[in-house]
Amino acid sequence: GENGVDGRAIRVGTRRSQLARIQTDSVVMMLRELYPDLCFEIVAMSTTGDKILDTALSKIGEKSLFTKELENALERNEVDLVVHSLKDLPTCLPPGFTIGAVCKRENPLDAVVFHPKNCGKTLSLLPEKSVIGTSSLRRAAQLKKKFPHLEFRDIRGNLNTRLKKLDEKEDFSAIILAAAGLKRMGWESRIGQLLGPEDCLYAVGQGALAVEVRAKDQEILNMVSALHDADTVLCCIAERAFMKRLEGGCSVPVAVNTLLKDGQLYLTGAVYSLDGSDSLKETMQTSVSYPHQNEDGPNDDVQHVGITAKNVPGQAQEAAENLGVELASLLLSKGAKHILSVARQLNDA
């Protein structure tokens, strides 16, 4: 074949959880449609994040919680590509790896799933001191500020586990999850309330799937690059650049909202104290309407915050990355560093 990958099975690495498998299957389905002559084989494995279930994610402090084992397999040539939720991938990938594809983003918003007894309610209508489950500091910080009458408690486990905990016990009145995951699992009907940007900005990369490959593996890189969705790529480059400049991770509350309209990319970014009482939020925009130039030669594999997207205009990617950096710099100039370091210390304590 023109990609030079004929005659061998392409091995696709994934986490074992049901959601991870559904996400990987959807990517493999797209690849099979694009390359009907190739054979794809899925290799599932458990990661540290899947095994440590009794500790809050933000406490473990390991950025590559759900990715390390998969990357090890990639490094050892045991798999050729790996499918992740983009929000699980750190803004600095280990040397030798790149994100070779960012697929079209599913709804990036957060969603509230209510205990059956609270069906039909919204967060503002829940009784005083109702307990809301979330494993995310970002969600808790924003929602504590917005809904001071509620209490927020940590809930861990994959989607199935968390929904089971919600439904079968009386511990939680509701839990907050990513709408994208619920939709992919076919559980959209459980969404009781979608949280718009005025209630809760989302996580960097939320709702997008990423395909990680070996940076030097041109054949596989060329093959998966057909999956890139240009708009999603530009939004996610801006978000990741924002996060990287702030040096945020899952141990601090950093949140975003992006909009690409008429060639203009709008990025809203915010940082929060753990209880949400202290926050900074700004919006900036830039033009990303550049023609595609054939950028052969040395610039072939320019990465933007870990993403290699040959089929998206390089100038547009640069503009998106600069937007994220500038917005983060603006927040830092207004005191974001202090808010984040206090949040980090409190969280570590």
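Basis of the calculations
Residues numbered from 1 in each chain as written. Predicted model: local features only at pLDDT ≥ 70, side-chain atom pairs only at ≥ 80, totals over all residues. Heavy atoms only, no water. Core = buried A, V, L, I, M, F, W, Y, C linked by side-chain atoms within 4.5 Å. Buried < 20%, exposed > 50% of the residue type's maximum accessible area, 1.4 Å probe, protein only. Helix = DSSP H or I, 4+ residues; strand = E, 2+ residues; numbered from the N terminus. Contact = heavy atoms within 4.5 Å. pLDDT = per-residue confidence, 0-100. Pairing = 2+ DSSP bridges. Axes fitted to C-alpha atoms, helices over the stretch in contact; angles between N-to-C directions.

**Here's the deal with the nonpolar core**
Across soluble globular proteins, nonpolar side chains show a tendency to be buried alongside one another. Counting 45 residues, the largest nonpolar core has Leu86, Ile99, Phe242, Leu246, Val254 and Val271 as its most contacted members. At the level of elements, strand E4 (97-102), helix H9 (230-246), strand E11 (254-261), strand E12 (264-272), helix H10 (314-333) and helix H11 (336-348) are the ones that each hand at least two residues to this core. Considering each element in turn, this core owes the most residues, 10 residues, to H9. Contacts of leucine 246, omitting those with residues within four sequence positions, involve Val254, Val271, Ala328, Leu332, Ala336 and Leu340. Core analysis: the second largest hydrophobic core is formed by 20 residues, Ile10, Val27, Leu31 and Leu38 among them.

**Details of unusual backbone geometry**
In the Ramachandran plot, asparagine 77 falls in the positive-phi region, its phi being about 60 degrees despite a non-glycine side chain. Its identity as a non-glycine residue notwithstanding, aspartate 262 has a phi of 50 degrees, on the positive side. A residue is classified by how much of its surface remains accessible, and aspartate 262, at 72% relative accessible area, is exposed.

**Topic: the confidence of the model for the protein chain**
Per-residue confidence for the protein chain gives a mean pLDDT of 90, with 89% of residues at or over 70. The low-confidence segment residues 59-63 (pLDDT under 50) makes 9 contacts with residues lying over four places distant or belonging to another chain.

**Description of the sheet that holds strand E9 (residues 191-195)**
Strand order in the open sheet formed by 5 strands is E7-E6-E8-E5-E9, and the pairing between neighbours is mixed. Among the strands making up the open sheet, the edge pair consists of strand E7 (151-153) and E9. The mean inter-strand angle of the sheet, taken between neighbouring strand axes irrespective of direction, is 30 degrees. For strand E5 (residues 110-114) and E9, the ladder comprises 4 bridges, and the chain directions are antiparallel. Pairing of valine 112 across the sheet is with glutamine 193, part of E9. Packed onto the sheet, helix H5 (residues 137-146) meets E5, E7, strand E8 (174-178) and E9 and runs at close to 125 degrees relative to E8. Packing of helix H6 (residues 159-168) onto the sheet brings it into contact with E5 and E8, and relative to E8 it is tilted by some 165 degrees.

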